[in-house]
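# Structural characterization, general
Letter by letter, the chains look like this.
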Amino acid sequence: MKTLIKALVETFGPSGQEGAVRAVLAGVLREHADDLQVDAMGNLIVHKKGAGNGLRVMLAAHMDEIGLVVSHIDRQGYARFQAIGGVSPLTLTGARVRFANGAVGVIGWEQWLQKRELPQMEELFIDLGAGNPESAPIGVGDVACFDRPFEDMGQRLVAKAFDNRIACAIAAQTLLELADTPHDVYAVFTTQEEVGTRGAMTAAFGIEPDVAVAIDVTLTGDTPKAKPMSVALGQGPAVKIMDSGMIAHAGVKDWMIRTAEANGIPFQREVLAAGTTDAHSIQTSRQGVPSGCLSIPCRYVHTPSEMVDYDDVLNSVKLLKAMLSGPIAI
């Protein structure tokens, strides 16, 4: 899967600008789908028809990553910006960013040697190598994301945008490897999750699934001074119990755990104190959808160098395939 993962994480795709990511996924999945559509929100909906009287199952993995949008360019050609999604000033000073047109900038803060506290977002700027607004390669409203390459450390993988391209890779690989299923499977690669789970909201309304599973990253408790959390890299995908935006449907949660135990797939249980996923919007669509979430342990979420474990990725695919290969009792 590493070739697909590399292609996805190195592709430009902040919230609202997911087109290039969508093109990569469509190119991989088009010949393996019974139907492939793009809706008005930009969600990529890939349908694999079931072979029996199964359920309508929605898998959701968001394509977008956090980013920055230019709000002003001053007389010296420096760009001020606003955050798209959960961007922290801690991750920005000295970072390189790339725009959709290929332009590169460096985020500056003059006081990094003088101050011990974190900068305020309004103190930061993007140095575009320009001397005035006219020579700036971008304009107000243009969007940027972190510019970092994929790094294969063997068992551990490092990249920007593992939140949530690693889940996109897992959902795509599941469809590629899923031979037969009694269920109508709708793999939805959603838009604008980082700014309010918006794409999943409209996709779920249109699909009307009987059951849904979001796939997303989660935090870990396995670094030196991490807050206590029973999730670690390399111990298997995590079955979400709850987060700050949703409580997993008990039947969906039990289906995931039961399937993992029956197939000898390692897994963890996740309770996330802050943050939520596409499952938040899906479970409240129409009359309500029984929803859960499969989480991939990820260190350094929302930084330019997120880290996942490759076995966790492969075991996520195994678990989803097993879940979709037989009857669903929730």
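Above this text you will find the structure in question.
### Some details on the packing of aromatic side chains
If you walk through the whole model with that rule in mind, you get one aromatic pair. We note Lys2 situated over the ring of Tyr310; from NZ or CZ to the ring centre the distance is 4.7 Å. The ring of Phe205 has Arg286 lying over it, and the distance from NZ or CZ to the ring centre is 3.8 Å.

### Here's the deal with empty space enclosed by the protein
Under the definition given, this model contains two cavities of 30 Å³ or more. Roughly 60 Å³ of internal volume is contained in the largest cavity. Lining the largest cavity are Glu65, Ile66, Phe146, Lys160, Ala161, Asp163, His302, Thr303 and Glu306. Each residue belonging to the lining of the largest cavity can be placed in one class, and the counts come to three nonpolar, two polar and four charged. Taken as a whole, the second largest cavity encloses approximately 40 Å³ of empty space. In terms of lining, the second largest cavity is formed by Ile66, Gly67, Leu68, Val87, Leu92, Val97, Ala144, Cys145 and Phe146.

### A closer look at unusual backbone geometry
Geometrically, the link from Asp163 to Asn164 is a cis peptide bond, its omega value of 15° lying close to zero. As for its position among the elements, Asn164 is in helix α3 (residues 162-177). With phi around 45°, Thr197 is a residue other than glycine that occupies positive phi space. The topology assignment puts Thr197 in the loop between β12 (184-190) and α4 (198-207). Residue class for Thr197 comes out buried when judged on its relative accessible area of 4%.

### Details of the packing of α3 against helix α7 (residues 310-324)
Contact geometry for α3 and α7: axes closest at 9 Å, N-to-C directions at 45°. For the element pair α3 / α7, the angle class is oblique. For the element pair α3 and α7, the recorded crossing hand is right-handed. In this structure, α3 contributes Ile166, Ile170, Gln173, Thr174 and Glu177 to the contact, and α7 contributes Val313, Ser316, Val317, Leu320, Lys321 and Leu324. Considered class by class, the residues forming the contact of α3 with α7 number six nonpolar, three polar and two charged.

### A few points about a nonpolar patch on the surface
Where nonpolar side chains cluster on the molecular surface, the patch consists of Met242, Ile247 and Val271 and spans about 280 Å² of accessible area. One can find Ile247 in the loop between β14 (238-242) and α5 (250-262). Ile247 gets classed as exposed once you look at its relative accessible area, which sits at 58%.

### As for the side chain of Glu270
Relative to the assigned elements, Glu270 resides in strand β15 (residues 268-271). Here the side chain of Glu270 touches Thr218 through a polar contact of 2.6 Å, side chain to side chain. Not counting the four nearest positions on each side in its chain, Glu270 is found in contact with Thr218, Met229, Val231, Ala238, Val239, Lys240, Ile241, Met242 and Ser295.

### Digging into the sheet that holds strand β10 (residues 151-152)
Neighbouring strands of a sheet are bound in pairs by backbone hydrogen bonds; such pairs are parallel or else antiparallel. Ordered in space as β10-β11-β17, the three strands form an open sheet in which the pairing is antiparallel. With one partner strand each, in any of the chains shown, β10 and β17 (306-309) form the two edges of the open sheet. Direction of pairing for β10 relative to strand β11 (residues 156-159): antiparallel, over a ladder of two bridges. Paired with Asp152 across the bridge in β11 is Leu157. Helix-sheet contacts for α3 involve β11 and β17, and the interaxial angle to β17 is about 30°.

### A closer look at the nonpolar core
Within the largest apolar cluster, 56 residues are counted, with the highest numbers of intra-cluster contacts made by Ile5, Leu25, Phe162, Ile166 and Phe189. With nine residues, α3 is the largest single contributor of residues to this core. Residues contacting Ile5, with those up to four places away along its chain left out, are Phe150, Leu157, Phe162, Ile166, Ala169, Tyr310 and Val313. Among the nonpolar cores identified, the runner-up in size contains 23 residues, and Phe81, Ile107, Leu128 and Ile138 belong to it.

### Focus on the side chain of Arg165
Positionally, Arg165 belongs in helix α3. By relative accessible area, which is 1% here, Arg165 ends up buried. At 2.8 Å, the side chain of Arg165 and the side chain of Glu65 are in polar contact. In contact with Arg165, other than residues within four places in its own chain, are Leu8, Val9, Thr11, Phe12, Gly13, Val21, Met63, Asp64, Glu65 and Lys160.

### Considerations on the sheet that holds strand β3 (residues 56-62)
Here eight strands make up an open sheet; going across it, the order is β1-β2-β12-β3-β13-β16-β14-β15 and the pairing mixed. Edge positions in the sheet fall to β1 (35-38) and β15, since each has one partner strand and no second. Each neighbouring strand pair of the sheet contributes to a mean axis angle of 25°, computed without reference to strand direction. Bridge count between strand β13 (residues 211-218) and strand β16 (residues 291-297): seven bridges; the pairing is parallel. Bridged to Val213 within β16 is Gly292. In the packing of α7 onto the sheet, the strands contacted are β3, β12, β13 and β16, and the crossing angle to β16 comes to about 155°.

Calculation rules
For every chain, the first residue of the written sequence is number 1, and numbering continues from 1 onward in sequence order. It should be noted that, the model being predicted, local features are given only for residues of pLDDT at least 70 and side-chain atom pairs only at 80 or more, the latter also being counted only at that level, while totals for whole chains, interfaces and linings use all residues. Side-chain numbers come from the whole structure's heavy atoms, not from hydrogens or water. Geometry of aromatic contacts follows a simple scheme: Phe, Tyr and Trp rings, the Trp one being its six-membered ring, pair when their centres are within 6.5 Å, and the pair is stacked under 30 degrees between planes, edge-to-face over 60, tilted otherwise. When the NZ atom of lysine or the CZ atom of arginine is within 6 Å of a ring's centre and also within 35 degrees of its normal, the charge is said to sit over that ring. Here a cavity denotes a set of grid points, spaced 1 Å apart and computed over the protein atoms alone, in which a 1.4 Å probe fits but from which it cannot get out, and a pocket denotes an open set meeting protein on both sides within 12 Å along at least five of seven lines; residues with an atom within 4 Å of a point are reported as lining. Grid points are joined across faces, edges and corners, and a volume is the space filled by probe spheres set on the points. Each residue gets one label: Ala, Val, Leu, Ile, Met, Phe, Trp, Tyr, Cys and Pro are nonpolar, Asp, Glu, Lys and Arg are charged, and the others, such as Gly, are polar. Helix and strand labels come from DSSP, where a helix needs a run of H or I of at least four residues and a strand needs a run of E of at least two; each type is numbered from the N terminus. Per-residue accessibility, obtained with a 1.4 Å probe over protein chains only, is compared with the maximum for each type, and a residue is labelled buried under 20%, exposed over 50%, and partly exposed between these values. Lines fitted to C-alpha atoms define the axes here, with helix axes fitted over just the stretch in contact, and angles between the N-to-C directions of these axes take values from 0 to 180 degrees. When describing relative orientation, an angle under 35 degrees is termed roughly parallel and one over 145 degrees roughly antiparallel, while 65 to 115 degrees is termed roughly perpendicular and anything else oblique. For any pair of crossing helices, the crossing counts as left-handed if the nearer helix is rotated counterclockwise from the farther one by less than a right angle, and right-handed if it is rotated clockwise. Note on definitions: a residue-residue contact is assigned when non-hydrogen atoms from the two residues lie within 4.5 Å. Each patch is assembled from residues with relative accessible area greater than 30% and no salt bridge, linking like charges that lie within 9 Å and nonpolar side chains (Val, Leu, Ile, Met, Phe, Trp, Tyr) that lie within 5 Å. Surface exposure here means Shrake-Rupley accessible area, sampled with a 1.4 Å probe, where a residue is shielded only by the protein chains that are shown. When a carboxyl oxygen of Asp or Glu lies within 4 Å of a side-chain nitrogen of Lys or Arg, that pair is called a salt bridge. Between N or O atoms, a polar contact is any pair within 3.5 Å; within protein, one atom must be a potential hydrogen donor and the other a potential acceptor, and residues adjacent in sequence are included only when both atoms are from side chains. For two strands to count as paired, DSSP must find a minimum of two bridges between them. In this text, buried Ala, Val, Leu, Ile, Met, Phe, Trp, Tyr and Cys residues form a nonpolar core when linked through side-chain atoms within 4.5 Å.

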